[in-house]
Amino acid sequence: MFIVSAKFNPKKAVRYLLVLGVLLVAVILLVGRFRRAPSPGEDIVSAATDQERAAYLESLGWTVDPAPIETLEFSLPQPLNEAYESYNQLQLEQGFDLSPYAGMQVTRYSYAVQNYPGFPDQVQADLYLCGDTIIGGDILYYGDNGFVSTLQFPEN
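As the structure is a computational prediction, the values presented were derived from the model and not from experiment.

1. Comments concerning helix α2 (residues 50–59)
Line of reasoning, step 1. Of all the positions in α2, only Arg 53, Ala 54, Tyr 56 and Leu 57 are classed as buried. Viewed along the axis of α2, the buried residues span an arc of 155°, placing them on a single side of the element.
Line of reasoning, step 2. Where α2 is buried, its residues meet β2 (105–112), β3 (123–130) and β4 (133–141).
Line of reasoning, step 3. A positive backbone phi angle near 110° is found at Gly 61, which sits one or two residues after α2.

This is the structure we're talking about:
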């Protein structure tokens, strides 16, 4: 049988707690400093208002007017048809998946993008929501040689 005894020194205990607290704060600050920019689809994002949806797009690097240029409600087909399966590949690239929402009511909010590099107009950001949760989105250029891309801000 072993018996261990220790002498408790309150001054040393307080010092150790202070050092531990300083180290904890330093770790928190370092983790926050090296946190990367958000990517679309990374987290479940609630966006019940125009301001929250615009703030989400701005967190990805886009500049938009908080008032949508169009709002459209529709139901996703159950099961997803070929066109939606193809579009869902774009969503999967950015961390979203429309499959769990097949057959459900969805709302698309479209916002005019003001800062797409090289395209001063005719670009819009679309966010697809089921309830208040963002389930997908894209950037659409509807001018000549139009395109659809992920919500990720393009690298220069």
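2. Remarks on the pattern of salt bridges
Line of reasoning, step 1. Going through the model one piece at a time under the given rule, you end up with 2 salt bridges.
Line of reasoning, step 2. Of the charged contacts in the structure, one is a salt bridge between Arg 53 and Asp 50, with a shortest N-O distance of 2.5 Å. On the criterion of helical spacing, the pair formed by Arg 53 and Asp 50 is a turn pair, its members being 3 residues apart in helix α2.
Line of reasoning, step 3. On the basis of relative accessibility, which here comes to 3%, the residue Arg 53 falls in the buried class.
Line of reasoning, step 4. Of the residues examined, Asp 50 reaches a relative accessible area of 26% and is grouped as partly exposed.
Line of reasoning, step 5. The salt bridge partner of Arg 108 is Glu 70, with a shortest N-O separation of 2.3 Å. With Arg 108 in strand β2 and Glu 70 in strand β1 (residues 70–75), this residue pair connects regions lying 38 residues apart in the sequence.

3. Concerning the packing of aromatic side chains
Line of reasoning, step 1. This model, assessed by the stated rule, comprises 9 aromatic pairs.
Line of reasoning, step 2. Between Phe 119 and Phe 147, the aromatic rings sit 5.5 Å apart at their centres with planes inclined by 70°, giving edge-to-face as the arrangement. Pair noted here: Phe 119 is in the loop between β2 and β3 and Phe 147 is in strand β5 (residues 147–149), with a separation of 28 residues, a long-range link.
Line of reasoning, step 3. The partly exposed category is assigned to Phe 119, whose relative accessible area is 26%.
Line of reasoning, step 4. On the basis of relative accessible area, Phe 147 is assigned to the partly exposed category, the value being 22%.
Line of reasoning, step 5. Through successive ring pairs, a cluster of aromatic residues spans Trp 62, Tyr 116, Phe 119, Tyr 141, Phe 147 and Phe 153.
Line of reasoning, step 6. Stacked on the ring of Tyr 109, the Lys or Arg Arg 53 has its end atom at 3.6 Å from the ring centre.

Conventions used here
- Positions within a chain are numbered from 1, following the residues in the order the chain's sequence is written.
- Local features in a predicted model are, by the rule used here, given only for residues with pLDDT of at least 70; side-chain atom pairs are given and counted only at 80 or more, and totals for whole chains, interfaces and linings are based on all residues.
- The basis for every side-chain value is the complete set of heavy atoms in the structure, and neither hydrogens nor water enter the calculation.
- Here the term buried applies to any residue with accessible area under 20% of the maximum for its type, exposed to any over 50%, and partly exposed to those in between, with areas from a 1.4 Å probe on protein chains only.
- A helix here means a DSSP run of H or I that spans at least four residues, while a strand means a run of E at least two residues long, and both kinds are numbered starting from the N terminus.
- The arc in question is the one spanned by the directions pointing from the helix axis to the C-beta atoms.
- Contacts were defined at the residue level, with two residues in contact if any of their heavy atoms lie within 4.5 Å.
- Each reported salt bridge corresponds to a side-chain nitrogen of Lys or Arg within 4 Å of a carboxyl oxygen of Asp or Glu.
- Ring pairs shown here join Phe, Tyr and Trp side chains whose ring centres sit within 6.5 Å, with only the six-membered ring taken for Trp; geometry is labelled stacked below 30 degrees between planes, edge-to-face above 60, and tilted in between.
- A ring is considered to have a charge above it if a Lys NZ or an Arg CZ atom is located within 6 Å of its centre and within 35 degrees of its normal.

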